[in-house]
Amino acid sequence: MAFVGGPPALLSSRERFGAFKDSLKNSGLRVNPDHVFFGDYDEQSGLRAILQFAALDSPPTAIFASADMLALGILQGCRKLGITVPAELSLVGFDDIRNVDLLDPPLTAIHQSAEEFGRRAVGLLIDHINGAEIPDAEPVAVKLVVRHSVAAPRKAHWKLAGNASAENRPPARVGI
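Just so we're clear, the structure is a prediction, and the values are computed from it rather than from any experiment. Every chain begins its residue count from 1, and numbering advances along the sequence as written. In view of the model being predicted, local features appear only for residues whose pLDDT reaches at least 70, and side-chain atom pairs are presented and counted only at 80 or more, with totals across whole chains, interfaces and linings using the full set of residues. Derived side-chain values reflect all non-hydrogen atoms in the structure, with water molecules and hydrogen atoms excluded from consideration.

Numbering of helices and strands runs from the N terminus, with a helix taken as a DSSP run of H or I at least four residues long and a strand as a DSSP run of E at least two residues long. Across its full length, the protein chain holds four helices and six strands. For the protein chain, the succession of helices and strands along the chain, N to C, is β-α-β-α-β-α-β-β-α-β. Think of it in three bands: with a 1.4 Å probe and only protein chains considered, a residue is buried below 20% of the maximum accessible area for its type, exposed above 50%, and partly exposed in between. When the 176 residues of the protein chain are sorted by exposure, 40% land in the buried category. Whether two residues touch is decided by their heavy atoms; if any such pair falls within 4.5 Å, the residues are in contact. Within the protein chain, contacts between residues separated by at least 24 positions form 69% of all contacts whose residues are at least 6 apart in sequence.

So this is what it looks like as structure tokens:
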């Protein structure tokens, strides 16, 4: 499994990467440093991540994108490289932004409530204005929304094809 995150200096990136590492550890797995990518929370970083993973001798079978915008870039790169999601690569995003259910395939995502974040922020601001001590922030509850971008792990490396130009794609990989 691979992790694609935003800027490592941001608390959200550190927390999501920490949860990723903990989840792997709890499943008896380790983080492969070659399967970790940090960039910005944007599509271009997602595209750069999938291109980097595609150049590996042993690319990941699944990617957790710590923001849906990263997942959009990963999907864009998959189409460019001819990688089929979820048949060859499973993908999960984070945020569950509007219309990710309309993608092809619809994106499995971790949903967090923007409304809850807003309520908490306003409450903390009011408390601060009134001179109250601000407690450490409690995490906002999240839930997994399963759609169609995840499948059982594949048995072979990606077979890159599609409309990727030769200079932008690594050599094709065959089954192991």
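The structure having been displayed, the exposition proceeds.
This paragraph deals with the environment of Ala137. The residue Ala137 is located in the loop between helix 4 (114–129) and strand 6 (142–145) in this model. It is 9.3 Å that separates the C-alpha atoms of Ala137 and Leu124, two residues lying 13 residues apart in sequence.

We now examine the pattern of salt bridges. Salt bridge criterion: a side-chain nitrogen from Lys or Arg within 4 Å of a carboxyl oxygen from Asp or Glu. Inspection of the entire model under this criterion finds four salt bridges. One salt bridge connects Asp96 with Arg147, and the closest N-O pair in it is separated by 2.8 Å. Note that Asp96 is positioned in the loop between strand 4 (90–95) and strand 5 (108–112) and Arg147 in the segment after strand 6, a separation of 51 residues in sequence. Given a relative accessible area of 16%, Asp96 falls into the buried group. Across the pair Glu116 and Arg119 runs a salt bridge, and its minimum N-O distance is 3.2 Å. Pair noted here: Glu116 and Arg119 are both in helix 4, with a separation of three residues, about one helical turn. Overall, the relative accessible area of 23% leaves Glu116 in the partly exposed class.

Moving on to the packing of aromatic side chains. A pair of Phe, Tyr and Trp rings is counted when the ring centres sit within 6.5 Å of each other, with Trp represented by its six-membered ring. The angle between the planes then sorts it: under 30 degrees is stacked, over 60 is edge-to-face, the rest tilted. According to the stated counting rule, one finds eight aromatic pairs in the structure shown. With 5.4 Å between their ring centres and 45 degrees between their planes, Phe3 and Phe20 make a pair best called tilted. Residue Phe3 is located in strand 1 (residues 2–5), and its partner Phe20 is located in helix 1 (residues 11–26); the two are separated by 17 residues in the primary sequence. Both residues of the pair, Phe3 and Phe20, count as buried. Ring centres of Phe3 and Phe64 lie 6.0 Å apart, and the angle between their planes is 40 degrees; this geometry places the pair in the tilted category. Of this pair, Phe3 sits in strand 1 while Phe64 sits in strand 3 (residues 62–65), and the two are 61 residues apart along the sequence.

What follows covers the environment of Ala114. Inspection of the secondary structure puts Ala114 in helix 4. Taking the C-alpha atoms as reference points, Ala114 and Ile97, 17 residues apart in sequence, are found 9.5 Å from one another.

Here, the term nonpolar core denotes a set of buried Ala, Val, Leu, Ile, Met, Phe, Trp, Tyr and Cys residues that are joined through side-chain atoms within 4.5 Å. If you look at the biggest cluster of nonpolar residues, it comprises 24 residues, and the most contacted ones within it are Val4, Ile50, Phe53, Ile63, Ile74 and Leu91. Looking at this core, the elements with two or more residues in it are strand 1, helix 2 (43–54), strand 3 and helix 3 (68–81). At six residues, the largest contribution of residues to this core is made by helix 3. In terms of nonpolar packing, the next biggest core, distinct from the first, is built from nine residues, Phe3, Phe17, Leu24 and Ile110 among them.

Our focus in this paragraph is the pairing of strand 5. Within strand 5, four of the five residues are buried, which leaves the element mostly enclosed by the surrounding structure. Examined bridge by bridge, strand 5 and strand 6 share four bridges and lie antiparallel to one another. Across the sheet, the residue bridging to His111 is Lys143, located in strand 6. Here, any two strands with at least 2 DSSP bridges between them count as paired.

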